[in-house]
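# Overview (structure and organization)
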Amino acid sequence: AKVKRTVIEIAQDTAVLNADDERCLAMADHTPAENVCYVTMNSEHALVREHIQAGGRGMVLENGMGGQMITLYDNGAHIPLLWTHLIPATLDGRAIHNVQNAMFAAGIAFSMGVKLEEIRHGLRTFDTTFFQAPGRMNVFDEHPFKVILDYGHNPAAVEAMATLAQRLEPSGRKLVVLAAPGDRRDEDIIETAKVCAGKFDHYILKRDDHARGRGQDEVPRMLEQSLLECGVSPEQLEVISSEVEAVNAGLAMAEAGDLLLIFGDEISRCWKQITGFK
């Protein structure tokens, strides 16, 4: 947090801060910026409410009759910006992490003087297709099952995608091809498995092409052990070290109505495997 605070310490016009993270919230005391824009997904956030009532700037997620609305407050103005389900990158509002990303993008753009209609247009037209954002929640629906490819390489990113898998509520099983980079700390690799425990029906555990100093099976075995300790049944676990083979195994296992989440390293190759699978 201290390292990332450098951005806030040199901001002159506006510091855009995540009010839902106490470490980010504390950065407000370290900025010389003329304005602070708080972003919160909690419409009852007491500090943000006080900030807005004092004429401050904020991006707030609010519940309405039509769903969830990203709302801008600035200098006493209340401006409904866009329903979350109208933003393609949120998958009808289910991808909560991208709802939050959209709020930050809107807050930053507004603070840079971008017009509201241009912000709305940007949010409405940005998609997480492989062509616009390779490795960022790329969805492929042309098999009888749904495939999502993501580059998630840390526990927070993996947890966000695992949560999305739950919110999508597939009619079939939830399958995952899971990995972690070899140069992460042991506790990070273990945590990557923990945030997935109990959320999938079957786990295929692999390594990245580049082991980054680890043994060939070291990372997938660490994931396996962590999942076992979290109560996942051995029958639900499968170690296939090669990414190519692991992705193929997941595609071959998936049936109609299933959701297959793949955490890929060589994204272009993984996408070719997914789109070329028959």
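Everything below is about the structure printed above this text.
The model shown is predicted, which means the values in this text are computed figures rather than measured ones. Position numbers for residues count from 1 along each chain, tracking the sequence in the order it is written. Note on the predicted model: pLDDT of at least 70 is required for a residue's local features to be given, and 80 or more for side-chain atom pairs to be given and counted; whole-chain, interface and lining totals, by contrast, use all residues. Computation of side-chain values covers all heavy atoms of the structure but excludes hydrogens and water.

Before going further, it helps to examine the sheet that holds strand β4 (residues 67–74). Here five strands make up an open sheet; going across it, the order is β1-β2-β3-β4-β5 and the pairing mixed. Whereas interior strands pair on both sides, the edge strands pair on one side only; in this sheet they are β1 (14–18) and β5 (77–83). Between one strand axis and the next, the sheet turns by 25° as a mean value, whatever way the strands run. Two strands make a pair as long as DSSP finds a minimum of two bridges between them. Per the convention used, a helix needs a DSSP run of H or I reaching at least four residues, while a strand needs a run of E reaching at least two, with both numbered from the N terminus. Where β1 meets strand β2 (residues 35–40), five bridges bridge the pair, whose relative direction is parallel. By the bridge assignment for β2, Val16 is matched with Cys37. Here the axes come from fitting lines to C-alpha atoms, over the contacting stretch only for helices, and the angles between their N-to-C directions go from 0 to 180 degrees.

Pairing between side chains of opposite charge can happen when their charged atoms approach one another. Here, a salt bridge means any side-chain nitrogen of Lys or Arg that lies within 4 Å of a carboxyl oxygen of Asp or Glu. Evaluated as defined, the whole model comprises 19 salt bridges. Note that Glu44 and Arg49 form a salt bridge whose closest N and O atoms lie 3.3 Å from each other. Summary of the burial criterion: residues with accessible area below 20% of their type's maximum are buried, those above 50% are exposed, and those between are partly exposed, where the area comes from a 1.4 Å probe applied to protein chains only. Judged by its relative accessible area of 57%, Glu44 is exposed. According to the relative accessible area criterion, Arg49 is partly exposed, its value standing at 37%. A salt bridge links Asp208 to Lys206; the shortest N-O distance between them is 3.3 Å. Both residues of the pair, Asp208 and Lys206, belong to the buried class. Look at the salt bridges and you will find they share partners, linking Lys206, Asp208, Asp209, Glu243 and Arg269 into a network.

We call Phe, Tyr and Trp rings a pair once their centres come within 6.5 Å, taking the six-membered ring for Trp, and we label the pair stacked below 30 degrees between planes, edge-to-face above 60, and tilted otherwise. Counted by the stated rule, this structure contains five aromatic pairs. With a centroid separation of 5.8 Å and 85° between ring planes, the pair formed by Phe130 and Phe131 is classed as edge-to-face. Looking at Phe131, the relative accessible area reads 73%, which means it is exposed. Both rings, one in Phe130 and one in Trp271, keep their centres 5.1 Å apart while their planes meet at 5°; by these two values the pair is stacked. Note that Phe130 is positioned in the loop between α5 (116–125) and β6 (138–140) and Trp271 in helix α10 (residues 267–276), a separation of 141 residues in sequence. We note that Phe130, like Trp271, is buried.

Our focus in this paragraph is the pairing of strand β9 (residues 202–205). Residues of β9 alternate between two faces, with His202 and Ile204 on one and Tyr203 and Leu205 on the opposite face, all of them buried. Sheet topology note: the strand β8 (residues 174–178)/β9 ladder contains four bridges and is parallel. Bridge assignment links Leu175 to a residue of β9, and that residue is His202. Remark: the β8/helix α7 (residues 186–194)/β9 crossover connection has right-handed handedness. By definition, the crossover connecting two strands over a helix is right-handed if that path, from the first strand to the second, turns clockwise as seen with the strands pointing away from the viewer. Once the chain exits β9 it traverses helix α8 (residues 218–229) before rejoining the sheet at strand β10 (residues 237–239), and the crossover so formed is right-handed.

In this section: the environment of Tyr73. Relative to the elements of secondary structure, Tyr73 occurs in strand β4. A relative accessible area of 16% means that Tyr73 is categorised as buried. Taking the C-alpha atoms as reference points, Tyr73 and Tyr38, 35 residues apart in sequence, are found 9.7 Å from one another. In contact with Tyr73, not counting residues within four places along its chain, are Ile52, Gly56, Arg57, Gly58, Val60, Glu62 and His78. We call two N or O atoms a polar contact when they sit within 3.5 Å, provided that within protein one can donate a hydrogen and the other can accept it, with sequence-adjacent residues counted only if both atoms are side-chain atoms. Side-chain polar atoms of Tyr73 contact the side chain of Glu62, separated by 2.5 Å. Residue contacts are defined here by distance: any two heavy atoms, one from each residue, within 4.5 Å place the two residues in contact.

Here the phi dihedral of Leu91 falls at roughly 50°; this positive angle occurs in a residue that is not glycine. With respect to the helices and strands, Leu91 occurs in the loop between β5 and α4 (96–111).

Moving on, we come to the side chain of Lys206. As for its position among the elements, Lys206 is in the loop between β9 and α8. There is a polar contact of 3.3 Å between the side chain of Lys206 and the backbone oxygen of Phe263.

Bringing the packing of helix α9 (residues 243–253) against α10 into the picture now. It is at 10 Å that the axes of α9 and α10 come closest, and there the two elements cross at 30°. Between α9 and α10, the crossing angle belongs to the class labelled roughly parallel. Regarding α9 and α10, the two cross each other, and that crossing is right-handed. On α10, the residues that touch Glu243, Val244, Val247, Asn248 and Leu251 of α9 are Arg269, Cys270, Gln273 and Ile274. Its residues assigned to classes, the contact of α9 with α10 comprises five nonpolar, two polar and two charged. Here roughly perpendicular refers to angles of 65 to 115 degrees, roughly parallel to angles under 35, roughly antiparallel to angles over 145, and oblique to all remaining angles. Handedness of a crossing is defined here by the sense of rotation of the near helix relative to the far one, left-handed for an anticlockwise turn of less than a right angle and right-handed for a clockwise turn. By the convention adopted, Pro, Cys, Tyr, Trp, Phe, Met, Ile, Leu, Val and Ala count as nonpolar, Lys, Arg, Asp and Glu as charged, and the other residues, Gly among them, as polar.

The next subject is the layout of surface pockets. Only protein atoms enter the calculation, which uses a 1 Å grid: trapped sets of points that fit a 1.4 Å probe without letting it out are cavities, open sets showing protein on both sides within 12 Å along at least five of seven lines are pockets, and any residue with an atom within 4 Å of a point is a lining residue. Grid points are joined across faces, edges and corners, and a volume is the space filled by probe spheres set on the points. Within this model, the largest pocket holds a volume of roughly 1500 Å³. Of all the secondary-structure elements, those providing two or more residues to the lining of the largest pocket are α1 (5–10), β1, α2 (22–25), α4, α5 and α6 (155–168). Residues that form the lining of the largest pocket fall into these classes: 24 nonpolar, 12 polar and eight charged.

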